[in-house]
Amino acid sequence: MSQEYFWLNNQLHPDSTTYNIPSVLNITGPLNIPALEISINNVINRHEALRMTFPHQTGHPEHHIPKQLILDLEQTDFRRISDQEKLKKLICKEIVRPFNLTTGPLIRIHLIHLDTEQYVLIITIHHIIIDLRSKELLGSEISACYNSIIKDKKWPFGEEPVPYSRLISRYKEWISTR
């Protein structure tokens, strides 16, 4: 499906969460929360598509890509609450929160502290900026970046990815020659 489809659907149903793509990850063990936050932001700023918003002054979607996006890692302390139903409700509430495609960001990160070394990390992304395969790669990149930070190693990625705006230009050029 194209971004125009997602955008139009959002215009018709602004509170819909049909195209929210969630990942809920259980983390057990020591966690360096500042390193996790840095890792997430490094990966977001490595990929233009993760920073996109879709303002529509002309009545049509136009993507806007800020040079940088810094997300604050939202955190909830659940260490003194052992109610699993409350935890499930919190996770569901996070997953079904709608996105504003015009203002963004179209990615949210929420860390829930369950115990000293037990966490739940919720990553919710609107489908307009990511597909399921890319979501898998995103998790791998965050993990690689996190491990490089905590092990004090060099940047784990080789060359930068092709900017999304350049891919779109190439695609439109290719379509126009057909």
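Reference entry: report on the structure contained in this document. (Residues numbered from 1 in each chain as written. Predicted model: local features only at pLDDT ≥ 70, side-chain atom pairs only at ≥ 80, totals over all residues. Heavy atoms only, no water.)

1. Some remarks on the packing of helix α2 (residues 33-46) against helix α4 (residues 132-150)
Contact geometry of α2 with α4 gives a least axis separation of 8 Å together with a crossing angle of 130°. Taken together, α2 and α4 sit at an angle that is classed as oblique. In this structure, α2 crosses over α4, and the sense of that crossing is right-handed. On α4, the residues that touch A35, L36, I38, S39, I40, N42, V43 and R46 of α2 are L138, E141, I142, C145, Y146, I149 and I150. For the contact of α2 with α4, the residue count by class is 11 nonpolar, 2 polar and 2 charged. (Axes fitted to C-alpha atoms, helices over the stretch in contact; angles between N-to-C directions. Helix = DSSP H or I, 4+ residues; strand = E, 2+ residues; numbered from the N terminus. Parallel < 35°, antiparallel > 145°, perpendicular 65-115°, else oblique. Left-handed = near helix turned anticlockwise from the far one by under 90°. Contact = heavy atoms within 4.5 Å. Nonpolar A, V, L, I, M, F, W, Y, C, P; charged D, E, K, R; others polar.)

2. So, the pattern of salt bridges
Counted under the stated rule, the structure contains 7 salt bridges. Residue K88 pairs with E85 through a salt bridge whose shortest N-O separation is 3.8 Å. On the criterion of helical spacing, the pair formed by K88 and E85 is a turn pair, its members being 3 residues apart in helix α3 (residues 84-95). For K88, a relative accessible area of 48% corresponds to the partly exposed category. A salt bridge links E136 to R133, with the nearest nitrogen and oxygen atoms 3.2 Å apart. Of this pair, E136 and R133 both sit in helix α4, 3 residues apart, which is roughly one turn of the helix. Ionic contacts of the salt-bridge type, sharing partners, join the residues E74, E94, R97 and R108 into one network. (Salt bridge = Lys/Arg side-chain N within 4 Å of Asp/Glu carboxyl O. Buried < 20%, exposed > 50% of the residue type's maximum accessible area, 1.4 Å probe, protein only.)

3. Quick notes on the packing of aromatic side chains
According to the stated counting rule, one finds 3 aromatic pairs in the structure shown. Between the aromatic rings of Y5 and F6, the centroid separation amounts to 5.8 Å while the plane-to-plane angle is 70°, which identifies the pairing as edge-to-face. Under the relative-accessibility criterion, Y5 is labelled partly exposed at 36%. Relative accessible area serves as the criterion here: at 3%, F6 is assigned to the buried category. (Phe/Tyr/Trp six-rings, centres within 6.5 Å; stacked < 30°, edge-to-face > 60°.)

4. Observations concerning the pairing of strand β3 (residues 107-115)
Counting buried residues along β3, 7 of its 9 residues qualify, which places the element largely inside the surrounding structure. Judged from the 4 bridges that link them, strand β2 (residues 74-77) and β3 form a sheet pairing that is parallel. Opposite D77, over in β3, you have H113 as the bridge partner. Examined bridge by bridge, β3 and strand β4 (residues 118-126) share 8 bridges and lie antiparallel to one another. When the bridges of β4 are listed, H113 appears paired with Y119. (Pairing = 2+ DSSP bridges.)

5. Some thoughts on a nonpolar patch on the surface
A grouping of I38, I149 and I150 is seen on the molecular surface, where their side chains present a nonpolar patch of about 230 Å² in accessible area. Along the chain, the position of I38 falls in helix α2. (Patch = residues over 30% accessible without salt bridge, like charges linked within 9 Å, V, L, I, M, F, W, Y side chains within 5 Å. Areas by Shrake-Rupley, 256 points an atom, 1.4 Å probe, with all protein chains shown as cover.)

6. As for helix α1 (residues 3-12)
Considered for burial, the residues of α1 that qualify are F6, W7, N9 and N10. Each buried residue of α1 sits inside an arc of 165° when the element is viewed along its axis, so together they form one side. Those residues of α1 that are exposed and angled more than 90 degrees off the buried face are E4 and L12. Looking at the buried positions of α1, the neighbouring elements they touch are β4. (Arc of directions from axis to C-beta.)

Read these as geometric descriptors, not functional statements.
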